[in-house]
Amino acid sequence: MSPATPTTASSLVSLHQPTRWLSPLIVASPHSGRLYPNSFLRQSRLDLATLRRGEDAHMDELLADAPAAGAPLLHALFPRVYCDVNRAALELDPGMFRDRLPPESITDSPKVRAGLGMIARIVAAGRGIYRERLTLDDVQCRIATCWQPYHHALQQCLAAAHAQFGFAILLDGHSMPSPTYGTLPDIVLGDAHGRAAGDEIVTQIENAFRSRGYRVARNNPYAGGYITQHYGDPRHGIHAVQIEIARSLYMDEATLTPNGNFMQVRNDMGQIIAEIAATLPRIDRPAIPSGTDAITPPLEQEPTTATARAEGGSS
């Protein structure tokens, strides 16, 4: 699934629709975008290969079979080091900007302190990204062209699923690098320690991975980022589960190229998505919107500035 070069702001967000929506499942990949604006590359002191270390590379491809299971696949085409939609819109490091940030900005969250705000300060083992400080125009541009369209699309999907089926389940796909020391499981499921999704749903996902031989953990070290914690609301029928897949399972982490196990992992992901979708209430309904792979969301909505809760990991 190779994204086309964007020509408009809305083309930075892609929504791949099934022919028919068959379940309340929504699949998303917010960090696999690889379209780097030339203006951003000029601002950066790092080369493209180093900037790409921040990608959840190929995650959109691993999840590409979601529409065949009757579930939409939403993914960002812009890179996370340019705009991280898994942060609040104004979750920003004031030291990165020449201008004073808006008073409602979140400037002291754990992610901001780590250099990983909505506009990241660092990538690849702590290397600084920018040659010089940015402006508020940079912030406003990235919110308007990337953050808002992505979240508007996600909100549309969740609202449509909830309206039709009475509940919605978001599977938010990410990948995790190999640790410098020690080991990680193959899969980490993040549900904000039970706050973002019902246990029965998370257990079903966990069992689907375990039955295929994957080693699975919950919430350690990745408990779910902004998207999981902001949208997950089981009491009102919105369940959100962050799925972290070990990069070493499917790609060469040095070159970011798929390895010999890539198709097996992709096939497993397709089967798991189909298995989960098949066990949920199925109501045959047209996709929204019908016959299109992209959406053009309005940009007038204000970005959310809700205080970010503490997160696990770096997603």
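Cut-offs and rules
- Counting of residues starts from 1 at the beginning of each chain's written sequence and follows it residue by residue.
- Thresholds applied to this predicted model are a pLDDT of at least 70 for local features of residues and 80 or more for the giving and counting of side-chain atom pairs; totals over whole chains, interfaces and linings are not thresholded and use all residues.
- Hydrogen atoms and water are omitted, and side-chain values are computed over all heavy atoms in the structure.
- By definition, any uninterrupted DSSP run of H or I lasting at least four residues is a helix, any uninterrupted run of E lasting at least two residues is a strand, and each is numbered from the N terminus.
- Remark: exposure states derive from per-residue accessible area (1.4 Å probe, protein chains only) relative to the maximum for the residue type, with buried under 20%, exposed over 50%, and partly exposed in between.
- Note on contacts: a residue pair qualifies if any of its non-hydrogen atoms lie within 4.5 Å across the two residues.
- Reported accessibility uses the Shrake-Rupley method at a 1.4 Å probe radius. Residues are deemed covered only where the shown protein chains occlude them.
- Nine residue types can take part in a nonpolar core, namely buried Ala, Val, Leu, Ile, Met, Phe, Trp, Tyr and Cys, and a core is a set of them joined through side-chain atoms within 4.5 Å.
- Both cavities and pockets are sets of points on a 1 Å grid over the protein atoms alone; in a cavity a 1.4 Å probe fits but cannot get out, in a pocket the set is open with protein on both sides within 12 Å along at least five of seven lines, and lining residues sit with an atom within 4 Å of a point.
- Grid points are joined across faces, edges and corners, and a volume is the space filled by probe spheres set on the points.
- Three categories are distinguished: nonpolar for Ala, Val, Leu, Ile, Met, Phe, Trp, Tyr, Cys and Pro, charged for Asp, Glu, Lys and Arg, and polar for the others, with Gly belonging to the last.

## Section: the overall build of the protein
On a plain count of helices and strands, the protein comes out with eight helices and 13 strands. Within the protein, the fraction of its 315 residues that count as buried is 58%. Intrachain contacts of the protein at a sequence separation of at least 6 include 82% that bridge at least 24 residues. When the accessible surface of the protein is summed, it comes to about 12,900 Å², and 51% of that surface belongs to carbon and sulfur atoms.

## Comments concerning the nonpolar core
With 52 residues, the main nonpolar core has Phe78, Ile119, Ile129 and Tyr150 as its most contacted residues. Listing elements by their share of this core, those giving two or more residues are strand 1 (13-16), strand 3 (25-29), strand 4 (73-76), helix 5 (136-165), strand 7 (168-176), helix 7 (226-231) and strand 10 (238-246). Sort the elements by how many residues they give to this core and helix 5 lands first, with 13 residues. Once residues lying within four places of it in the same chain are set aside, the contact partners of Phe78 are Leu12, Val13, Gly33, Arg34, Leu35, Cys83, Val85, Cys146 and Tyr150. Formed by 43 residues, the second largest nonpolar core is a distinct cluster that contains Leu63, Ile205, Tyr222 and Leu256.

## Description of the environment of Gln204
Checked against the element boundaries, Gln204 lands in helix 6 (residues 199-210). A residue is classified by how much of its surface remains accessible, and Gln204, at 22% relative accessible area, is partly exposed. C-alpha separation for the pair Gln204 and Ile276, spaced 72 residues apart in sequence, amounts to 7.4 Å. Once you skip the residues sitting within four places of it in the chain, Gln204 turns out to touch Glu275, Ile276 and Thr279.

## With respect to the layout of surface pockets
Leftover empty space is mapped by rolling, across the atoms, a probe with the size of a water molecule. Here the largest pocket is characterised by a volume of approximately 550 Å³. Around the largest pocket, the lining comprises 25 residues; the ones closest to its centre are Arg53, Gly54, Ala124, Ala125 and Pro177. For the lining of the largest pocket, the class distribution of residues is 12 nonpolar, six polar and seven charged.

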